[in-house]
Amino acid sequence: MALKDNLHNLKEKFKGTKMSPVFGAFHTFLYMPNDTTQSGSHIRGADDLKRTMNMVIIALIPLLFFGMFNAGYQHHIATGEVEMVSSGFFSAEFWSLSNFWIGFWKILPLIIVSYVVGLGIEIFFAAKNGHEVEEGYLVTGILVPLIVPIDIPLWMLAVAVIFGVVIGKEVFGGTGMNILNPALLIRAFLFFAYPTWMSGDKVWVTGAVERTKEIADGAQLDAISGETILGALAQGQEVVYSTWDMFYGFIPGSVGETSTLLILLGALFLIFSKIGSWRIMLSSVVGALVMGFIFNQVIALGWIGESSKFYDLMNIEFWEHLLLGGFAFGAIYMATDPVTASQTNKGKWIYGFLIGFISILIRVFNPAYPEGVMLAILLMNVFAPTIDHYVVQGNVKRRQKRLKVKTV
Amino acid sequence: MGLLSKKDAKLITDPLADNNPITIQVLGICSALAITAELEASIVMSIAVLFVLSVGNVVISLLRNIIPSKIRIIVQLIVVATLVIIVDLVLKAFAYELSKTLSVFVGLIITNCIIMGRFEAFALANAPGKAFLDGIGNSLGYAVILIIVGFFRELLGSGTLLGIQVLGDPIEKTGVYAFGYENNGFMLLAPMALVTVGIIIWVQRSRNTALVEDH
């Protein structure tokens, strides 16, 4: 308890000064607040905003560790030190410490930069406007390293975080007021600002960019090339990974989004702890399946021939779309962000369905943006309030009608 | 300011800051977003608007007592259209490359809200001399924002200013590029122009809180 008391004393000491939000934030991050509301009637719940955020972080930690192993694994495959495995999820080639340390030292700086810059801005605005530091960045800060390519330069990440937090959130009034998901906004900023670091075959496997430089300088080495499956399909190349590899996540991609298996476990955790909305998760999966199924039928009916540049992406089994790219990650962790999603239950179905539907649409029809889920979620973020509006209005109308029938 | 009376000087200085057509009245946004990817285009666009607005204001002001108010919009359009065509032809004759960059947006000066706005709000009710000053002031206010936005978008987006590589060569990796810096391609797209204008509006209103609108 000593730490708690000390923190509380510090908080009291700095009360009213510019620094008070900082101590307040640390205090409430670690402990329950000392003072509670005294007047009015309240429903007491065990979870507050902070607890909610922490649950999401817990659900993300397995992905983070998997991403560290996968980073080293992909690097070792590319350099030829490890053979590609097909012996199930617990293969020793994947879960080796040397894999882990490579990923650890690459991903740790991303996490540090994300949190230091993001929380720095939060604290700055809190001190400036004299309110408490809000918890909103806790989840964003861990999401950001998980959805970027592993070799992204740290200064780019810092610039993007500044943009995402200031323009995406603080401008609108801070946590809970933002229209767009800040983590996705940060990724979208990186994607449009520095496309050479966000797509192509050089950014997904750590070491590929340096290797390219060494070769350019005259070193006799094989180039490392690690195209994501979506990128390969968009260019009509052969896919070398098995479906199980895709499901387990032994494929190149952004840091934390490759393992559909672990995302599924995270989804179950979020559903059972009632943090994430199962309606949104389910409906976006359904939306993706429907769109994928339509494309499969278009192929089956022979409307599009093999010469079409959309053929390869349309031709993959409709359910395989769920395993590829960031779709699963986006649908489970991003679309369900309670601030930017639809609030009404009916609205959630529509919102989720359209996210899935549009993700696959963008994925197939725009090879320049193989990761459609990012853009689909951002688009639907914008429409979420409109969806809610019509759902609520529809409800009002229905009840008015009922009232009329009764009075007549 | 011996040359102008205090009131006249205000016609020029007011639109530069506290009554800026872009950041306060939020007019003429379309062109501010569309052509500010390069500083040069911003400057040329500013000069074109300066010409059209100041001359147009004088013409409308001279005609103000004989225009029937029912058809005044048509008359205003004809005046703008004439002036814009002059600008367009001059650009095509003397700066063909630039006129290609500006493309349709020179023609679209006709629909620039600032111009019609000033005709309606000022030139129709004031003497030619005042209308001229008002035209100069408002187009300078427009120019200031365009040039600020153009400066940042070209500097951060392409690493150049007026086509000169001020940050070093991105391909040879000289200057700041040697440290791993890279151009921000997003700055060249229209959304970042909107964000840049938004930041200017933010800075301006937080420095002078009297400008913040009530809701």
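Residues numbered from 1 in each chain as written. Chains lettered and ligands numbered in written order. Predicted model: local features only at pLDDT ≥ 70, side-chain atom pairs only at ≥ 80, totals over all residues.

1. With respect to the overall build of chain A
At step 1: In terms of helices and strands, chain A carries 17 helices and 0 strands.
At step 2: A buried classification covers 45% of the 408 residues belonging to chain A.
At step 3: Counted over contacts in chain A with a minimum sequence separation of 6, partners at least 24 positions apart contribute 73%. (Helix = DSSP H or I, 4+ residues; strand = E, 2+ residues; numbered from the N terminus. Buried ≥ 20, exposed ≤ 12 C-beta atoms within 10 Å, placed from the backbone. Contact = placed C-beta atoms within 7 Å.)

2. Quick look at helix α13 (residues 278-300) of chain A
Residues and elements named next belong to chain A.
At step 1: Taking 1.5 Å as the rise per residue, α13 with 23 residues should run 33 Å; its terminal C-alpha atoms sit 32 Å apart, in good agreement.
At step 2: Taken residue by residue, α13 has Arg279, Ile280, Met281, Ser283, Ser284, Val285, Gly287, Ala288, Met291, Gly292 and Phe295 as its buried positions.
At step 3: The inward-facing, buried residues of α13 abut α12 (260-272), α14 (311-315), α15 (327-334) and α16 (345-365).
At step 4: Backbone geometry just after α13 places Gly302 at a positive phi near 75 degrees. (Expected span 1.5 Å × (residues − 1).)

3. Concerning the nonpolar core
At step 1: Among the nonpolar cores identified, the biggest contains 147 residues, and Phe189, Leu190, Ile332, Tyr351, Ile355 and Ile377 of chain A together with Val52 of chain B are the most heavily contacted of them.
At step 2: Mapping this core onto the domain boundaries places at least three of its residues in each of domain 1 (50-268) and domain 2 (276-408) of chain A.
At step 3: The contact partners of Ile332 of chain A, leaving out residues within four places of it in the chain, are Ile263, Gly266, Ala267, Leu270, Gly276 and Met281 of chain A. (Core = buried A, V, L, I, M, F, W, Y, C linked by C-beta atoms within 7 Å. Domains from an automatic or database assignment.)

4. Regarding the interface of chain A and chain B
At step 1: With 7 residues of chain A in contact, the opposing surface of chain B contributes 7 residues.
At step 2: Per-element accounting of the side of chain A that touches chain B gives the leading share, 3 residues, to helix α7 (residues 182-193) of chain A.

5. Details of α15 of chain A
At step 1: In terms of burial, α15 of chain A is largely enclosed, as 8 of its 8 residues are buried.
At step 2: Buried residues of α15 of chain A: Phe327, Ala328, Phe329, Gly330, Ala331, Ile332, Tyr333 and Met334 of chain A, and no others.

6. Considering the domain arrangement of chain A
All names here are of chain A.
At step 1: Examined at the domain level, chain A breaks down into domain 1 (50-268) and domain 2 (276-408).
At step 2: Taking the mean C-alpha position of each, domain 1 and domain 2 sit 24 Å from one another.
At step 3: Elements supplying a minimum of two residues to the side of domain 1 that touches domain 2: α7, α10 (229-234), α11 (243-248) and α12.
At step 4: Here the residues of the side of domain 1 that touches domain 2 sort into 16 nonpolar, 12 polar and 2 charged. (Nonpolar A, V, L, I, M, F, W, Y, C, P; charged D, E, K, R; others polar.)

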